[in-house]
Amino acid sequence: MLKVSSLTARRKELNNCLTNENFAFPAEMLAFLRIRSVALPAGNIRVLSSKLLSTKNGTDSIGSRSESTKAHYDIIIGGGGLVGTTLAAALSSNPTLADKKVLLLEGAPEFKGFDPAGPYQNRVSAINKNSIELFKSIDAWSHIEAARYKPVKQMQVWESNTDALIQFQHDNFASDVACIIENDLILDAVYAKVKDAPNVEIQNKARIQCVRLPKDSQSQLSELELQDGRTFSCDLLIGADGANSVVRKEMGVDVFSLNYERMGLVATLDLGDDACDNSVAWQRFLPTGPVALLPLTDRLSSLVWSTTNEQAKKLQCLPPNEFVDALNEAFCRQYPRVELADKAVQALNTFFGHNATQHQVQYPPKVCGVKEKSRATFPLGFLHASSYVCSGAALVGDAAHRIHPLAGQGVNLGFSDVRYLVECLAAGAYAGFKLGDKQHLIKYERKCLKKNVPIMLGVHGLHTLYSTDFSPVVLFRSLGLQLTQNLPPIKNLFMRGAMGQ
Ligand SMILES: Cc1cc2nc3c(=O)[nH]c(=O)nc-3n(C[C@H](O)[C@H](O)[C@H](O)COP(=O)(O)OP(=O)(O)OC[C@H]3O[C@@H](n4cnc5c(N)ncnc54)[C@H](O)[C@@H]3O)c2cc1C
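Residues numbered from 1 in each chain as written. Predicted model: local features only at pLDDT ≥ 70, side-chain atom pairs only at ≥ 80, totals over all residues. Heavy atoms only, no water.

K.L.:
Looking at this model, I keep getting lost on the nonpolar core. Mind explaining?
P.N.:
Most often, soluble globular proteins keep nonpolar side chains buried together rather than apart. Counting 76 residues, the largest nonpolar core has Ile-77 and Tyr-444 as its most contacted members. Per element, the largest residue contribution to this core is nine residues, and it comes from helix 12 (residues 410-431). Within the second largest apolar cluster, 29 residues are counted, among which are Val-157, Ala-164, Phe-168 and Phe-382. (Core = buried A, V, L, I, M, F, W, Y, C linked by side-chain atoms within 4.5 Å. Buried < 20%, exposed > 50% of the residue type's maximum accessible area, 1.4 Å probe, protein only. Helix = DSSP H or I, 4+ residues; strand = E, 2+ residues; numbered from the N terminus.)

K.L.:
Would you explain the side chain of Arg-375 in this entry?
P.N.:
Within the secondary structure, Arg-375 sits in the loop between strand 16 (369-370) and strand 17 (376-385). The side chain of Arg-375 sits in the buried core without any salt bridge; Glu-322 is the nearest counter-charge, 8.7 Å away. A polar contact of 2.8 Å, which involves the side chain of Arg-375, links it to the backbone oxygen of Leu-315. Among the polar contacts made by the side chain of Arg-375, one reaches the main-chain carbonyl oxygen of Gln-316 at a distance of 3.3 Å. Other than its neighbours up to four places away in sequence, Arg-375 contacts Leu-265, Val-266, Ala-267, Leu-315, Gln-316, Cys-317, Leu-318, Pro-319, Pro-320, Phe-323 and Val-370. (Lys, Arg positive; Asp, Glu negative; His and termini not counted. Salt bridge = Lys/Arg side-chain N within 4 Å of Asp/Glu carboxyl O. Polar contact = N/O pair within 3.5 Å; in protein donor to acceptor, adjacent residues only side chain to side chain. Contact = heavy atoms within 4.5 Å.)

K.L.:
Help me understand the pairing of strand 14 (residues 289-295), please; the structure alone is not making it clear to me.
P.N.:
Every regular strand shows the same layout, with side chains that alternate between the two sheet faces. Counting buried positions along strand 14 yields seven of seven residues, so the element is predominantly enclosed. Count of turn residues in the strand 13 (residues 280-286)/strand 14 antiparallel hairpin: two residues. Where strand 14 folds back on strand 15 (residues 300-308), the antiparallel hairpin that results is connected by four residues. (Pairing = 2+ DSSP bridges.)

K.L.:
Hey, could you run me through the site of the ligand in this one?
P.N.:
Glu-106, Ala-126, Ile-208, Asp-398 and Val-411 are the nearest of the 29 residues found near the ligand. At 3.3 Å from an oxygen atom of the ligand is found a main-chain nitrogen or oxygen belonging to Gly-408. The contact in question runs from an oxygen atom of the ligand to an N or O atom on the backbone of Gly-410, over 3.3 Å. Surface burial for the ligand is 84%, taken as the share of its 1000 Å² of free accessible area covered by protein chains. Breaking the shell around the ligand down by element, the ones donating at least two residues are helix 4 (82-92), strand 3 (124-127) and helix 12. Broken down by class, the residue content of the shell around the ligand amounts to 13 nonpolar, eleven polar and five charged. (Near = heavy atom within 4 Å. Areas by Shrake-Rupley, 256 points an atom, 1.4 Å probe, with all protein chains shown as cover. Nonpolar A, V, L, I, M, F, W, Y, C, P; charged D, E, K, R; others polar.)

K.L.:
Any chance you could explain the packing of aromatic side chains here in plain terms?
P.N.:
How two aromatic rings sit relative to each other is set out by the distance from centre to centre and by the angle between their planes. Summed over all chains, the structure comprises eleven aromatic pairs. For the ring pair Phe-111 and Tyr-191, a centre distance of 5.6 Å and an interplane angle of 70° mean the geometry is edge-to-face. Of this pair, Phe-111 sits in the loop between strand 2 (102-105) and strand 3 while Tyr-191 sits in helix 7 (residues 183-196); the two residues are 80 residues apart in sequence, bridging distant segments of the chain. Of the two residues, Phe-111 and Tyr-191, both sit in the buried class. (Phe/Tyr/Trp six-rings, centres within 6.5 Å; stacked < 30°, edge-to-face > 60°.)

K.L.:
Is there a simple way to explain helix 13 (residues 438-465) in this structure?
P.N.:
Owing to its 3.6 residues per turn, the α-helix brings residues three or four apart onto one side. When the terminal C-alpha atoms of helix 13 are compared, their 38 Å separation across 28 residues agrees well with the 40 Å that a helix rising 1.5 Å per residue should span. The sharpest bend along helix 13 reaches about 30° and sits at Leu-449. Of all the positions in helix 13, only His-440, Leu-441, Ile-442, Tyr-444, Glu-445, Cys-448, Lys-451, Asn-452, Ile-455, Met-456, Val-459 and His-463 are classed as buried. One side-chain oxygen at the N-terminal end of helix 13 lies 2.8 Å from the backbone nitrogen of Gln-439; it belongs to Asp-437. (Expected span 1.5 Å × (residues − 1). Bend = angle between axes of the 7 residues up to and from the residue.)

K.L.:
What exactly am I supposed to notice about the sheet that holds strand 4 (residues 150-152) here?
P.N.:
Working definition: the strands of a sheet are paired by backbone hydrogen bonds and lie parallel or antiparallel to each other. Strand order in the open sheet formed by three strands is 3-7-4, and the pairing between neighbours is antiparallel. The open sheet terminates on both sides in strands that have one partner only, identified here as strand 3 and strand 4. Within the sheet, the average angular offset between the axes of one strand and its neighbour, ignoring direction, is 25°. Strands strand 3 and strand 7 (178-182) of the sheet are contacted by helix 7, whose axis makes an angle of about 85° with strand 7. (Axes fitted to C-alpha atoms, helices over the stretch in contact; angles between N-to-C directions.)

Quick look at the structure:
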């Protein structure tokens, strides 16, 4: 108990406390600090805060429990979305990491599962070959295959101010361009693996509130506290907690982010009986952003319409028949032509010896209806963390990078992070590195940056190029698109990148 008789004595006693290494802060001390008449020099405040943050005397900054009462795991994954849950499944199925105790913390209530006989969902992803290989390697692909998905055999991308277009076909690559899979089905497949894994525990309604990493303390462990006050420690904390990642914020890495002031409007569409086998993905660049149709079944497609916030809100509220009219118009409407760009595209086709019909825009099947309550909007933006790792922590998925959905790459990059991280951790464990060793985790970061940065810059560049109808830019992008269409080696290079090969 602190005894104080005068203001001077109070100050003296407090200063003594602050310089005494073995001093533990009792509740009285904290109360004492609140006495306004005690003016502390700024330096002492810093010493005091670092003592309060230190666990040396059994007083935690994360919760009030001591080290020993915190549940400890080798690896904690913060965020059980598509990427976090896939990571948990991949860790559990890696033989070198099979003895590691893993905890998956998800802020939302328990996942309710997926009904393959139920209505199609509005959140779907174009999944590339690499991601499918990952699902196969963790034995989750058979679950998806047994349910439902749609292979994309062909893709056409074209722009509205000229006839410039690019077409990709599955025959050129001896595999499908992509597979369209509902997000909840992917989650269901990887969740089933995690539930069966003896070394992985899942906790739902477990929202991470604050994190403390080894860089801030003398402890070798990463620690975290949930909103409900529970505390945990681990050797490696992995942030898979999406674009607003709490883990990333605590890592203190620089982040480059842009709000595109655009929304992605999604919906499930009925194409009627005329869609034939509906295996083509369509994307048209409009002045307000790209509108894309992704095949789901012979007569259903999924919509991703990126547009201004204002138009997205308006489209979401339109009566179904008016919405369908607006959508059909978006795919067919003639926008003001940029004559010079049009002529340049024709000249380019002639130069390559192609006649007009060979490179004529094909139009998607007419949309007949929109499924009730399937329309939803999502804000679009760009984000990249300057570093994906630090001592005791690593980032995966949207926590590290977020991109525009126009190339269908976001979650595919997240799945490739999963592959690289599991490979890195397994190699490190084999070689005797600690799980949270930054020197080793850096290898994971290097691989990811090499893969992710060019794709992110490319997608951001496309978004920027197609956000204007300034004639010189239209000319430049139309020629670029048509040149790519006419030069198979370049086209294949792009396509291989998009397919994750
Ligand atoms: C309209 C649209 C279409 C898209 N289409 C495609 C596509 O075709 N192909 C493609 O590859 N990508 C696509 N994407 C991108 C893709 O959806 C994302 O990249 C992907 O969902 C990111 O997954 P994630 O698990 O990293 O993050 P998230 O999906 O954001 O998951 C994060 C998880 O962490 C949890 N969480 C958050 N904070 C906390 C906390 N503090 N404590 C505990 N848990 C927490 C959340 O509840 C959530 O479950 C699209 C995106 C949009 C918006």
